[in-house]
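Survey of secondary and tertiary structure
Residues per chain are reported as follows:
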Amino acid sequence: MDLSQGLLLKNLILHGHRKDYQVRFHPGINIIYGDVDTGKSSILRLVYYLLGGKQIKIDEEISSSVKYAVLEITVNGTPYCISRDIFNPTRDIDVYSCKYSEISNSFPEKYKSSVAKGDDQNKSFSEFILEVLELPAVRLKQAPSKDSSETARLSFLDLFKFIYLDQDDVGSTRMLNIGNHVLETKNREVFRYIFNVLDSGISEIAVDIASKTQEKTQLSNQYSAISHFLSQTEFKGAEDLDKEINNIDGIKIEMKARISDLNNRMTSDNELYEGLKDALNTINLNIEQQEEAKSKALRSIERFSRLLNDYQNDIERIESSLSAKEFIGEDIQEKTSCPVCETIVEIGEISDKFDIPNNTRLKSELTSIKRRSKDLKQLISDNRSDLDSSNSLLTELYLEKNKAREIMDEELSNSISPYLVERDAMVKELAQLDGRREKAVHSLRVRNKQAALSDQIGRIEGAIEKLKITLEELKECAPSIDNVLKDLGADVNKFIQQVKIKNHHGVGIDEKTFFPKVRNIEYRNINSGGLRTIVSIAYLASILLHKLRKETNIPGLLMIDTVGKFLGKTPEDSDDSQINSENDIDGVADPEKYRNLFNALVAVAEEFDDKGKLCQIILVDNDMPQDVAYANKGFEIAHYRSNGINGLPTGLIDDWDSTHKK
């Protein structure tokens, strides 16, 4: 396959706050499928936006995770990286003329995001992409039937309508602006442009050749002036600068390894230092143990002192009671009134009923408490001795610790100073290398800018030659719209034949609207949503396929979101209430139609491959039947499951759920 001709998507990169997210594409069929709300449609929306789309619907997981997006592509073998702010569509679009891995060595060209904002000094992105694709830059009549009709510049987005079916357009009665008279008229002019059958095609191409020739002359003058200046200033060439950068990177790696080794030797090579460090660790461990013993003794002294104080209070109360009894004498028998019922009660009777301690028991209790107090005093004394011992040891340990530190500092000063001098010299040299590398990278960017200018001149020269060939062909035998519609209708018929719809007849292209028809019914009047899905996909696939028949002005790219819209995928779908009677008549509820649709799209890609031509078809859908997924497994570029089953990513932003929950 010749990958040097045409547009090829390579890599979609979303630069995020936590990490970058990537989707890689390859030539031919690319399948993206999985659960709903996993970011499948966002991939196509981002591609559309990065190729000049006016705006983009940003889902929450993307807006909270991504800073900006980059699309890496090749056009006619030349690499480009398109970088765009996804939050501000009006900002300029940066285009790097290099691979994604070489962005840091290049200056970007800035292009206006809107065709209306472009001028001679500041091109629009649409002008850039049409230029690199070597497509004619023309103006389209707003009312083709009137000679005095106003004209507007063709935009790349005008072509994109014939490249991209989003999930709202697949099988929709409003596909390609159906129902909007002004836009339908414009789209028919774009259709004519794609197939080189514009009424003003010859004159428009001649004007474009003159415009590109003038632009080439201006760029050639700029290139000569820049080259002369760089030559006079003895500016290094790109190859020499590249070697210098690689050489600096090699020296930096070696320097960092030497600094790391030096840092290790600064401590490990000194035996005395290691011994002192071990001794200091032992001292610190002993200090920790003595501090704990000190704290324990203090806690014990405090607890025992409180208990001793309670015992002293008990002793004083008992001694006071005994003194009172000796002073007052024996209990006197007397009477008193009951506080509850006012009955006269004999005090003596109460004494017989209750155990009132006598002097002997009080004296026994007093003796016991005094003995316990004596034991507590001894315990307090012992803990105070332990405390004094800990304080004494701690004083000695802290002195030893300070002494060990002084010796270590002195040893470090004597033994490590040479290391420090050597390391400082290497760190300084490393900083100088960084400065040299930065200057070399800047110079390389200048040289790459010069090379990009040269490539642009060559690209314009190629476009001019191609336009001249096209112009001569148009002058000799311009294709007729009737032949184009006939050939395109044949391709649509072949595609639908592969899908095997029921009652297959009357397939072609309507001569007035340029829309497909089936059973001689124009697309917008087809009642079956499933049949419209098949026909809408067949229409765009056939326009793509026509590149193999004749030279057309459209990239070899097709993007379809929700391939199986309105179609049955499994036998269970046949009973789905959403499948209406019209669909049943067409048999689109039959899962075989879904499989056949995939096979027909694969057949388109295979036909390009057989003829050595480049095409790229990107298909998005929800979960596919197992047999369809298995049959097309080699084409799968992304498969998402919201629950992460079988180790599959949970979505395009595969770390958003966990972060969002936090």
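Look up: the structure comes first, before these words.
Everything in this summary refers to the structure shown in the same document.

1. Some points on the overall build of the protein
Secondary structure summary: the protein contains 16 helices and 18 strands in total. Burial analysis of the protein (662 residues in total) assigns 44% to the buried set. Here the contacts in the protein between residues at least 6 apart in sequence split such that 71% fall between residues at least 24 apart. With an accessible surface of roughly 35400 Å², the protein has 48% of that area assigned to carbon and sulfur atoms.

2. Observations regarding the sheet that holds strand E5 (residues 78–84)
Spatially, the six strands line up as an open sheet ordered E2-E1-E4-E5-E6-E7, and their pairing is antiparallel. Two strands bound the open sheet, and with one partner strand each, they are strand E2 (20–24) and strand E7 (109–111). On average, each strand axis in the sheet is tilted by 20° relative to the strand beside it, whichever way the strands run. Relative to strand E6 (residues 93–96), E5 is paired through three bridges, and the arrangement is antiparallel. Across the sheet, Cys81 pairs through a bridge with Tyr96, a residue of E6.

3. Some words on the pattern of salt bridges
This structure, assessed with the given rule, holds 28 salt bridges. Residue Asp94 is joined to Lys110 by a salt bridge in which the shortest nitrogen-to-oxygen separation is 2.7 Å. With a gap of 16 residues between them, Asp94 in strand E6 and Lys110 in strand E7 connect regions that are remote in the sequence. Under the relative-accessibility criterion, Asp94 is labelled buried at 15%. Measuring nitrogen to oxygen at the nearest pair gives 3.8 Å for the salt bridge that ties Lys243 to Glu239. With a gap of four residues between them, Lys243 and Glu239 both fall in helix H7 (residues 238–268), about one helical turn apart. Here the two residues Lys243 and Glu239 agree in accessibility, since each one is exposed. Each of Glu184, Arg188, Glu522 and Arg524 takes part in one network of salt bridges that share partners.

4. Re the packing of aromatic side chains
The tally for this structure, following the rule as stated, stands at eleven aromatic pairs. Judged by centre distance (5.2 Å) and plane angle (80°), the ring pair of Tyr48 and Phe160 falls under edge-to-face. With Tyr48 in helix H1 (residues 40–50) and Phe160 in helix H4 (residues 156–160), the pair connects residues that are 112 residues apart, well separated along the chain. Take Phe160: its relative accessible area is 2%, and that puts it in the buried class. With a centroid separation of 5.2 Å and an interplanar angle of 65°, the aromatic rings of Tyr594 and Phe598 are classed as edge-to-face. Residue Tyr594 and its partner Phe598 are located together in helix H14 (residues 591–610), separated by four residues, close to a single helical turn. For the pair Tyr594 and Phe598, one class covers both residues: buried. Grouping aromatic residues by their ring pairs yields a cluster made of Tyr48, Phe156, Phe160 and Tyr164. Seen from the ring of Tyr49, Arg84 lies directly overhead, with NZ or CZ sitting 3.8 Å from the centre.

5. Looking at empty space enclosed by the protein
With the rule as written, the count across this model stands at three cavities of 30 Å³ or more. Taken as a whole, the largest cavity spans an internal volume of roughly 80 Å³. Lining the largest cavity, in full, are Phe162, Leu176, Glu184, Asn187, Arg188, Phe191, Thr513, Phe514, Phe515 and Tyr539. Here the element with the most residues in the lining of the largest cavity is helix H5 (residues 181–194); it accounts for four residues. Each residue belonging to the lining of the largest cavity can be placed in one class, and the counts come to six nonpolar, two polar and two charged. If you add up the space inside the second largest cavity, you get close to 50 Å³.

6. Some words on the sheet that holds strand E17 (residues 616–621)
In spatial order, the strands read E10-E16-E17-E3-E18; together these five strands make up an open sheet with parallel pairing. Of all the strands in the sheet, the pair left with one neighbour each is strand E10 (164–165) and strand E18 (636–640). Relative to E17, strand E3 (residues 28–34) runs parallel, the two sharing six bridges. Bridge assignment links Ile31 to a residue of E17, and that residue is Leu619. With respect to the sheet, H1 is in contact with E3, E10, strand E16 (557–561), E17 and E18, its orientation differing from that of E16 by roughly 145°. Contacts from H14 reach E3, E16 and E17, with the element oriented near 160° to E17.

7. Quick word on unusual backbone geometry
For Thr562, which is not glycine, the phi torsion reads 70° and is therefore positive. Within the fold, Thr562 resides in the loop between E16 and helix H13 (581–586).

8. Points about the nonpolar core
Leu51, Phe191, Phe495 and Tyr539 are the most contacted members of the largest nonpolar core, which has 117 residues in total. Sort the elements by how many residues they give to this core and helix H12 (residues 529–545) lands first, with eleven residues. Residues contacting Tyr539, with those up to four places away along its chain left out, are Phe162, Met175, Leu176, Phe191, Leu488, Val492, Ile509, Phe514, Phe515 and Pro516. Of all hydrophobic cores here, the second largest spans 14 residues; its members include Leu366, Ile369, Leu376 and Leu387.

Parameters at a glance
- Every chain is numbered independently, its residues counted from 1 as its sequence is written.
- Reporting in this predicted model follows two pLDDT cut-offs: at least 70 for local features of residues, and 80 or more for side-chain atom pairs to be given and counted; totals over whole chains, interfaces and linings ignore these cut-offs and use all residues.
- With hydrogens and water set aside, each side-chain value is computed from the structure's full complement of heavy atoms.
- A run of H or I in DSSP counts as a helix once it spans at least four residues, and a run of E counts as a strand once it spans at least two, with each numbered from the N terminus.
- Only protein chains enter the area calculation, which uses a 1.4 Å probe; residues under 20% of their type maximum are buried, those over 50% are exposed, and those in between are partly exposed.
- Contacts are residue-level and defined by heavy atoms, with any inter-residue pair within 4.5 Å sufficient.
- Reported accessibility uses the Shrake-Rupley method at a 1.4 Å probe radius. Residues are deemed covered only where the shown protein chains occlude them.
- Should DSSP find at least two bridges between two strands, the strands are taken to pair.
- Helix axes are fitted only over the stretch in contact, all axes being lines through C-alpha atoms; the angle between N-to-C directions runs from 0 to 180 degrees.
- The term salt bridge refers to a side-chain nitrogen of Lys or Arg lying within 4 Å of a carboxyl oxygen of Asp or Glu.
- In this analysis, rings of Phe, Tyr and Trp, with Trp reduced to its six-membered ring, are considered paired at centre separations within 6.5 Å, and the interplanar angle assigns stacked below 30 degrees, edge-to-face beyond 60, and tilted for intermediate values.
- Each ring is checked for a lysine NZ or an arginine CZ that lies within 6 Å of its centre and within 35 degrees of its normal; such an atom marks a charge sitting over the ring.
- Whether a set of points on the 1 Å grid over the protein atoms alone is a cavity depends on a 1.4 Å probe fitting there but being unable to get out, while an open set qualifies as a pocket with protein on both sides within 12 Å along at least five of seven lines; lining residues are those with an atom within 4 Å of a point.
- Grid points are joined across faces, edges and corners, and a volume is the space filled by probe spheres set on the points.
- For this classification, Asp, Glu, Lys and Arg are treated as charged, while Ala, Val, Leu, Ile, Met, Phe, Trp, Tyr, Cys and Pro are nonpolar and the rest, including Gly, are polar.
- Here, nonpolar core refers to any group of buried Ala, Val, Leu, Ile, Met, Phe, Trp, Tyr and Cys residues whose side-chain atoms link them within 4.5 Å.

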